[in-house]
Amino acid sequence: MSANILVVEDEVKLAQFIELELKYEGYQVSIVHDGLAGLTAARETTPDLIILDWMIPGISGVEVCRRLRQTGDRVPVILLTAKDEIGDRVAGLDAGADDYVVKPFSVEELLARVRANLRRTQEEDPDLLVFEDLSLNRSTREVFRGSRAIELTAKEYDLLEYLISHPRQVLTRDRILEQVWGYDFMGDSNIIEVYVRYLRLKLEANNEKRLVQTVRSVGYVLRE
């Protein structure tokens, strides 16, 4: 399951290098080059992690982090900076940053920090399931596509939860019926197709790309 990472970096070549390395590791990556754009992107696209340069045009990376924390956003933030004084590190962490990488840095170190912070987030919130820009919270039964909340019926939610719990796995119709409707279901044999259509209408209401894919004569799969 690939994580969505937002990179806020005004050095274009460095941003492109980080993007290339992250994509090579299988992550989805968005790039912006100033503080205000970073704050907007963080609020609108709900990334799984932010790599944030300290010295960026507009509002600083530290201020971006501080404003996100003030609104309750707990997205992991890795701060990139040329500042290596203890006081600067403390200021960044006090603003809400989760980690700190000093320029120049090795890409191996940055990738290790990314993995560690994503792993910690998953361990802290095992009820949160994420695929691409789709997220489902088992504890609250809330579903989002990016920042857009999606209202689902109980059975639509159950179907989506089953799909997102098995990303990129082709699930047969029989298996879906057993797990979502129960072994003793005696209703319409086309019930899965009906509910997949309902899900797609809601998940793609803003012309988002399709994630629930049909595997002809077999079943369905959640994939890019």
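Residues numbered from 1 in each chain as written. Predicted model: local features only at pLDDT ≥ 70, side-chain atom pairs only at ≥ 80, totals over all residues. Heavy atoms only, no water.

If you check an unreviewed UniProt entry, the protein appears there as Response regulator transcription factor from Zarconia navalis LEGE 11467.

Student: Which parts of the structure should I look at to understand the pairing of strand 8 (residues 142-145)?
Tutor: Here is the key point about a regular strand: its side chains alternate between the two faces of the sheet. Here strand 8 shows one buried face, formed by Val143 and Arg145, and one open face, formed by Glu142 and Phe144. Bridging between strand 7 (residues 134-137) and strand 8 involves four bridges; their strand directions are antiparallel. In the strand pairing of strand 8, leucine 134 is matched with arginine 145. Pairing of strand 8 with strand 9 (residues 148-150), which is carried by three bridges, proceeds in the antiparallel orientation. Looking across to strand 9, one finds that arginine 145 is bridged to arginine 148. From the end of strand 8 to the start of strand 9, which pair antiparallel, there are two residues, and glycine 146 there has a positive phi angle of about 65 degrees. (Buried < 20%, exposed > 50% of the residue type's maximum accessible area, 1.4 Å probe, protein only. Helix = DSSP H or I, 4+ residues; strand = E, 2+ residues; numbered from the N terminus. Pairing = 2+ DSSP bridges.)

Student: What am I meant to see in the packing of aromatic side chains here?
Tutor: Given two aromatic rings, one states the distance between the centres and the angle between the planes to describe the pair. Inspection of every chain in the model, using the stated rule, returns two aromatic pairs. Ring centres 5.6 Å apart and planes at 70 degrees place the aromatic pair tryptophan 181 and tyrosine 195 in the edge-to-face group. Note that tryptophan 181 is positioned in helix 7 (residues 173-181) and tyrosine 195 in helix 8 (residues 191-203), a separation of 14 residues in sequence. For tryptophan 181, a relative accessible area of 14% translates into the label buried. Ring plane angle 75 degrees and centroid distance 5.3 Å describe the contact between tyrosine 195 and tyrosine 198, whose orientation is recorded as edge-to-face. Taken together, the positions of tyrosine 195 and tyrosine 198, both in helix 8 and three residues apart, correspond to about one turn of that helix. A residue is classified by how much of its surface remains accessible, and tyrosine 198, at 34% relative accessible area, is partly exposed. Taken together through their ring pairs, the aromatic side chains of Trp181, Tyr195 and Tyr198 make up a single cluster. (Phe/Tyr/Trp six-rings, centres within 6.5 Å; stacked < 30°, edge-to-face > 60°.)

Student: Help me out: how do you make sense of the pattern of salt bridges in this one?
Tutor: Once the charged atoms of two side chains with opposite charge are near each other, the side chains can pair. Using the criterion set out here, one finds 18 salt bridges in the structure. Lysine 103 serves as the salt-bridge partner of glutamate 9, at 3.3 Å between the closest nitrogen and oxygen. In this pair, glutamate 9 sits in the loop between strand 1 (4-8) and helix 1 (12-24) while lysine 103 sits in the loop between strand 5 (99-102) and helix 5 (107-124), placing the two residues 94 residues apart along the sequence. Residue glutamate 9 shares its accessibility class with lysine 103, and that shared class is buried. Salt-bridge contacts for glutamate 19 lead to lysine 23; the nearest nitrogen and oxygen are separated by 3.2 Å. Highlighted residues: glutamate 19 and lysine 23, both in helix 1, separated by four residues, approximately one helical turn. For glutamate 19, a relative accessible area of 22% gives the class partly exposed. When its relative accessible area of 45% is taken as the criterion, lysine 23 is described as partly exposed. (Salt bridge = Lys/Arg side-chain N within 4 Å of Asp/Glu carboxyl O.)

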